[in-house]
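# What the coordinates show
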Amino acid sequence: MARRQHRRHQTYQEGQDEQHLRQLTLIRDLQEAVSERQLWMAYQPKVDVRSGKVIQFEALMRWQHPTLGFIPPDEFISLAERSGNIRILSRWMIDSVCAQLHEWQHQGHHLSAAINLSAEDVMDVDLPELLLETLNHYGLEPHQLGLEVTESAVMQDADLAAQSLEQLNQAGLFIAVDDFGTGYSSLAQLKRLPVHELKIDKSFVLNLNTQENDLTIVRSTIELGHNLGLRLVAEGVENQASATLLGQLGCDYLQGYWIAKPMPAYQVVDWLNDFEP
Ligand code: C2E
Ligand code: CA
Ligand code: CA
Ligand code: CA
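Conventions adopted
- Residues numbered from 1 in each chain as written.
- Chains lettered and ligands numbered in written order.
- Predicted model: local features only at pLDDT ≥ 70, side-chain atom pairs only at ≥ 80, totals over all residues.
- Heavy atoms only, no water.
- Axes fitted to C-alpha atoms, helices over the stretch in contact; angles between N-to-C directions.
- Helix = DSSP H or I, 4+ residues; strand = E, 2+ residues; numbered from the N terminus.
- Parallel < 35°, antiparallel > 145°, perpendicular 65-115°, else oblique.
- Left-handed = near helix turned anticlockwise from the far one by under 90°.
- Contact = heavy atoms within 4.5 Å.
- Expected span 1.5 Å × (residues − 1).
- Buried < 20%, exposed > 50% of the residue type's maximum accessible area, 1.4 Å probe, protein only.
- Arc of directions from axis to C-beta.
- Donors = N, O, S within 2.8 Å, 3.2 Å for Na, K, Ca; no water.
- Near = heavy atom within 4 Å.
- Polar contact = N/O pair within 3.5 Å; in protein donor to acceptor, adjacent residues only side chain to side chain.
- Areas by Shrake-Rupley, 256 points an atom, 1.4 Å probe, with all protein chains shown as cover.
- 1 Å grid on protein atoms, 1.4 Å probe; cavity = no way out; pocket = protein on both sides within 12 Å on 5 of 7 lines; lining within 4 Å.
- Sits in = over half its atoms within 2 Å of the grid points.
- Nonpolar A, V, L, I, M, F, W, Y, C, P; charged D, E, K, R; others polar.

As recorded by an unreviewed UniProt entry, the protein chain carries the name cyclic-guanylate-specific phosphodiesterase and is attributed to Vreelandella rituensis.

Printed below as a string of structure tokens:
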């Protein structure tokens, strides 16, 4: 018995060590990921419920590690945040997305993209200028870029965030609150921010058809958002039934596997031609 417990303990410890080693490896390798061209952006459409048209593509970061393979962003983004590497990634990402929009524009597709910002990006006083310069450099209009910020990112320093977002809003960028419903922001705080869009977190959307509670939350979030003059986006729409229900509830935009999974940039134009013939 004592021996079994010992073994179990060892196994747990080994698991911990392995996890720790993986984290250290990833943090070390993050610094090279940009220069070694291991990062790429995937694009997932948001569709207008009423017109059925694509209104924007959300840009989502991908990392193909040379030995560990595909690393999910939920893992490496938080490591980058904790190790002080997120600014490097965000700067690469902003340039990459704007360059891509420029390329699509060159091919005759005037598209818009939304990028995800971390708390540190929102607190970065140089960010507004960097975004505007990059847009300008690639010949893009400010309304072609949207920003998705989570409640927790904004709440780290609500004053600074409000100031920074206000500047970007004035310049014409669209701002969405991501993962809405999962954070701690109060409506009073939300009201202070120049927000255009609320994204209902996919945890409320995935089982919308079967979970009475989720339906109640989604219905009241849509009503609340509309009363505040905001557009509502549902993420995690995985089937026709959810899409229909969300339409009935008055949701403005849908995003999810039912419409399209995030795809590499080179597939976007073909996908668009099939979707909106
Ligand atoms: P998020 O911003 O909430 O993005 C939505 C996530 O849901 C994405 O996961 C997307 O692929 C996934 N998703 C989309 N449709 C469906 C669906 O119908 N069903 C399900 N089950 N999932 C769906 P992904 O790409 O793995 O990204 C995870 C998170 O990583 C993002 O959550 C975002 O918080 C973060 N992230 C991704 N790219 C970036 C980035 O460039 N910068 C920053 N700061 N964070 C990023
Ligand atoms: Ca997002
Ligand atoms: Ca989200
Ligand atoms: Ca999320």
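What follows picks up the thread again.
## Structural notes on the packing of helix H5 (residues 127-137) against helix H7 (residues 158-171)
Their axes nearest at 9 Å, the elements H5 and H7 cross at an angle of 25°. Comparing the axis directions of H5 and H7 gives the class roughly parallel. Relative to H7, the crossing made by H5 is right-handed. Two secondary-structure elements touch here, H5 through Leu-127, Pro-128, Leu-131 and Leu-132 and H7 through Ser-164, Gln-167, Leu-168 and Ala-171.

## A look at helix H10 (residues 212-227)
With 16 residues, H10 extends 23 Å from end C-alpha to end C-alpha; this agrees with the ideal 22 Å at 1.5 Å per step. Turning to H10, its buried residues are Asp-214, Leu-215, Val-218, Thr-221, Ile-222 and Gly-225. In a view along the axis of H10, the buried residues occupy a sector of 135°, so they form one face of it. In H10, the exposed positions angled more than 90 degrees off the buried face are occupied by Glu-212, Asn-213, Glu-223 and Asn-227. Buried residues in H10 make contact with strand E6 (174-180), strand E7 (197-200), helix H9 (202-205), strand E8 (231-234) and helix H11 (240-248). Backbone geometry just downstream of H10 places Gly-229 in the positive-phi region, at approximately 80°.

## Let's talk about the coordination of the calcium ion (ligand 3)
For a metal bound by four donors in a tetrahedral arrangement, the ideal donor-metal-donor angle is 109.5 degrees, while six donors in an octahedral arrangement ideally sit at 90 or 180 degrees. Of the protein atoms, only Asp-178 (OD), Asp-179 (OD), Glu-235 (OE) and Glu-235 (OE) coordinate the calcium ion (ligand 3), at distances of 2.3 to 2.5 Å. Donor residues binding the calcium ion (ligand 3) come from one chain and are separated in sequence as D-D-x55-E. Residue class for Asp-178 comes out buried when judged on its relative accessible area of 7%.

## Some points on the site of ligand 1
In the vicinity of ligand 1 there are 23 residues, among which Gln-44, Arg-62, Ser-118, Glu-238 and Tyr-257 approach most closely. Take Asp-178: an N or O atom from its side chain is 3.0 Å from an oxygen atom of ligand 1. Interatomic distance of 3.0 Å between a side-chain N/O atom of Lys-202 and an oxygen atom of ligand 1. In the complex, the protein chains occlude 87% of the 800 Å² of accessible area that ligand 1 would expose alone. The cavity where ligand 1 resides is the largest pocket. At the level of secondary structure, the elements contributing two or more residues to the shell around ligand 1 comprise strand E2 (54-65), helix H2 (73-82), strand E4 (113-117) and E6. Grouping the constituent residues of the shell around ligand 1 by class yields 10 nonpolar, 5 polar and 8 charged.

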